[in-house]
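Residues per chain, in single letters:
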Amino acid sequence: MITIKEITSKGDLTTFVKFPFEVYKNSPYYVPPIIKEELDVLNPKKNPVFQNSEAKFFLAYKDNKVVGRVAAIINWIEVKEQKKSKVRFGWYDVIDDVDVTKALLDKVAMYGAENGLEYMEGPAGFSIMDKAGILIKGFEELNTMITWYNYPYYQKHMEQLGFEKAATWVEYRIQVPKKIKEKVIKFSNIIKERYELSLIKFNNSKEILGYADEMFDLLNKTYSGLQTFVPIQQYQIDMYKKKYLPYINPQYITCIADKTGKLIAFSIVMPSFSKALKKMNGKMYPLGFLHILKAQRKNNTAAFYLIGIDPEYQNKGVTALIFKEMNEVFLRNGIEVVETNPELEENKAIQALWNDYDHEQHKMRRTYRKSIEN
């Protein structure tokens, strides 16, 4: 018999966060999150996103053993301002038993119905800054710090239960050229001169902080037309600055300004932390942070995390300038391979950026949608 329990205590929330460690304990590809950070994300007292969202968390039990988890999330900006009558589900992990998935998602549907919502969609977090999607390709690849990993049966569960495709994300692995192509250098210089652009270099985290708000403003402008977009609020921006800034190496950030000094494009790349996080197994202390430090200093793999371009400058070759600068950084630091962050399948403008490089689409993930019967 399957029993669903709504989380009401700190202990239950810890069980919720730690459940995937049990599911994937034998997987060489699962990269665990840092437990404390996960707890903070799900804590209304710690995560400011709860100012415009609410959530319930559920655990599934079978024979007195935890066999699944899910979060039911309502982003009220999405519902009220964007008129999307949707309850999200996220932090979804289960054993290979479709009845467990059904029991958990029935709770999500019930929560949505109680709030007068028409459909549920996921897996997704609170906003575009959270992880999203069930992995449907790339099961023998390490996930990154900003993606979920899952087994192949997750997709089968969705299809068996009548869920339909909502959105698909693709990810690419790019081989870093050992030498920057002459045409890339020439074209970058032309774009820089034509639009009177300048590069902004950073020496430390404090200097980055001064441009962080402008970067998030560009993110909102860059992705506003995509189907999964919900505007990033200032209180979320403040949290992300605090959460991610310690991980960022200043030289891995490229910012471009126009002749007035206004930021018109940026990219943030980080050395890959996947192997470090796997060694840490969810714990920053007592020695986990040393793995992070080592990954920052000695690594042959990097990951694109964020890229934003003012719509006025999209399709004008500005990305060539970004990639030229990043390529130089990679060569200086021994980076041989770069992974992209998940990109919506229909976002052809971003995917076209990789055409001039040796690349392969090595991962794909998908969100699913189903109407709620009220």
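Residues numbered from 1 in each chain as written. Predicted model: local features only at pLDDT ≥ 70, side-chain atom pairs only at ≥ 80, totals over all residues. Heavy atoms only, no water.

This brings us to the overall build of the protein. When its secondary structure is counted, the protein shows twelve helices and 14 strands. Computed over the C-alpha atoms, the radius of gyration of the protein is 21 Å, within 12% of the 21 Å expected from 2.2 N^0.38 for a compact globule of 374 residues. Projected onto its principal axes, the C-alpha positions of the protein cover 65 × 45 × 35 Å. Looking at the protein residue by residue over its 374 residues, the buried ones come to 56%. For the protein, long-range pairs separated by at least 24 residues make up 78% of all intrachain contacts whose partners lie at least 6 apart in sequence. When the accessible surface of the protein is summed, it comes to about 17,500 Å², and 50% of that surface belongs to carbon and sulfur atoms. Looking at charge distribution, the protein has the averaged site of its 54 positive side-chain charges lying 5 Å from that of its 46 negative ones. (Helix = DSSP H or I, 4+ residues; strand = E, 2+ residues; numbered from the N terminus. Rg over C-alpha atoms; globule rule 2.2 N^0.38 Å. Buried < 20%, exposed > 50% of the residue type's maximum accessible area, 1.4 Å probe, protein only. Contact = heavy atoms within 4.5 Å. Areas by Shrake-Rupley, 256 points an atom, 1.4 Å probe, with all protein chains shown as cover. Lys, Arg positive; Asp, Glu negative; His and termini not counted. Charge placed at Lys NZ, Arg CZ, Asp CG, Glu CD.)

Another aspect to go through is the environment of Thr 8. Residue placement: Thr 8 occurs in the loop between strand E1 (2-6) and helix H1 (10-23). Given the relative accessible area of 69%, Thr 8 is considered exposed. A sequence separation of 49 residues divides Thr 8 from Phe 57, and the C-alpha atoms of the two residues are 8.5 Å apart.

The next thing to look at is a positive patch on the surface. A surface patch of like charges, here positive, comprises Lys 275, Lys 279, Lys 294 and Lys 298. One can find Lys 298 in the loop between helix H10 (288-297) and strand E11 (301-309). The exposure class assigned to Lys 298 is exposed, which follows from its relative accessible area of 68%. (Patch = residues over 30% accessible without salt bridge, like charges linked within 9 Å, V, L, I, M, F, W, Y side chains within 5 Å. Salt bridge = Lys/Arg side-chain N within 4 Å of Asp/Glu carboxyl O.)

On to the packing of helix H4 (residues 98-114) against helix H5 (residues 153-160). Across the interface, H4 lies against H5 with an axial gap of 10 Å and an inter-helix angle of 65 degrees. You can see that H4 and H5 cross each other, and the crossing is right-handed. From H4, Val 98, Thr 101 and Leu 105 reach across to H5, where they touch His 157, Met 158 and Gln 160. In terms of residue class, the contact of H4 with H5 is built from three nonpolar, three polar and no charged. (Axes fitted to C-alpha atoms, helices over the stretch in contact; angles between N-to-C directions. Left-handed = near helix turned anticlockwise from the far one by under 90°. Nonpolar A, V, L, I, M, F, W, Y, C, P; charged D, E, K, R; others polar.)

That bond from Gly 122 to Pro 123 is cis: its omega, 0 degrees, falls within 30 degrees of zero. With respect to the helices and strands, the residue Pro 123 is situated in the loop between strand E5 (119-122) and strand E6 (134-137). With an omega of 10 degrees, the peptide bond running from Tyr 285 to Pro 286 counts as cis. Counting through the fold element by element, Pro 286 comes out in the loop between helix H9 (274-280) and H10. Even without glycine at this site, Asp 63 takes up a positive phi of about 55 degrees. Tracing the chain through its elements places Asp 63 in the loop between strand E2 (53-62) and strand E3 (65-75). The backbone of Asn 281 sits at a positive phi, close to 50 degrees, despite the residue not being glycine.

Turning to the side chain of Asn 341, a few remarks are in order. Along the chain, the position of Asn 341 falls in the loop between strand E12 (337-339) and strand E13 (343-344). In this structure Asn 341 comes out as buried when scored by relative accessible area, which is 16%. Residue contacts for Asn 341: discarding those within four places in its chain leaves Ile 146, Val 170, Glu 171, Phe 304 and Tyr 305.

In this section: H4. In a regular helix each residue adds 1.5 Å, so 17 residues correspond to 24 Å; H4 covers 24 Å between its end C-alpha atoms and thus fits that length. A distance of 2.9 Å separates the backbone nitrogen of Asp 99 from a side-chain oxygen at the start of H4, and that oxygen is part of Asp 97. Trailing H4 by a residue or two, Gly 116 shows a phi angle of about 70 degrees, which is positive. (Expected span 1.5 Å × (residues − 1). Polar contact = N/O pair within 3.5 Å; in protein donor to acceptor, adjacent residues only side chain to side chain.)

Among the secondary structure elements, Asn 47 is positioned in the loop between helix H2 (35-41) and E2. Not counting the four nearest positions on each side in its chain, Asn 47 is found in contact with Asp 40, Val 41, Phe 126 and Met 239.

Let's shift gears to the packing of aromatic side chains. Under the definition given, this model contains 19 aromatic pairs. Aromatic pair Tyr 92 and Tyr 154: ring centres 5.1 Å apart, planes at 65 degrees, arrangement edge-to-face. On the criterion of sequence distance, the pair formed by Tyr 92 in strand E4 (residues 86-94) and Tyr 154 in helix H5 is long-range, its members being 62 residues apart. One exposure class covers both Tyr 92 and Tyr 154, and it is buried. An aromatic cluster of at least three residues, connected via ring pairs, comprises Phe 21, Tyr 24, Tyr 30, Phe 89, Tyr 92, Tyr 149, Tyr 151, Tyr 153, Tyr 154 and Phe 163. Across the ring face of Phe 16, the terminal group of Arg 69 is positioned such that the distance to the ring centre comes to 4.9 Å. Over the aromatic face of Tyr 313 sits the side chain of Lys 316, whose NZ or CZ is 5.5 Å from the ring centroid. (Phe/Tyr/Trp six-rings, centres within 6.5 Å; stacked < 30°, edge-to-face > 60°. Lys NZ or Arg CZ within 6 Å of the ring centre and 35° of its normal.)

Following both chains from N to C, one finds helix H7 (residues 205-223) and helix H8 (residues 234-244) inclined at 135 degrees, their axes separated by 10 Å at the closest point. Taken together, the axes of H7 and H8 lie oblique to each other. Remark: the crossing between H7 and H8 carries right-handed chirality. Counted together, Leu 209, Ala 212, Asp 213 and Phe 216 of H7 and Gln 234, Ile 237, Tyr 240 and Lys 241 of H8 form the full contact between these two elements. Considered class by class, the residues forming the contact of H7 with H8 number five nonpolar, one polar and two charged. (Parallel < 35°, antiparallel > 145°, perpendicular 65-115°, else oblique.)

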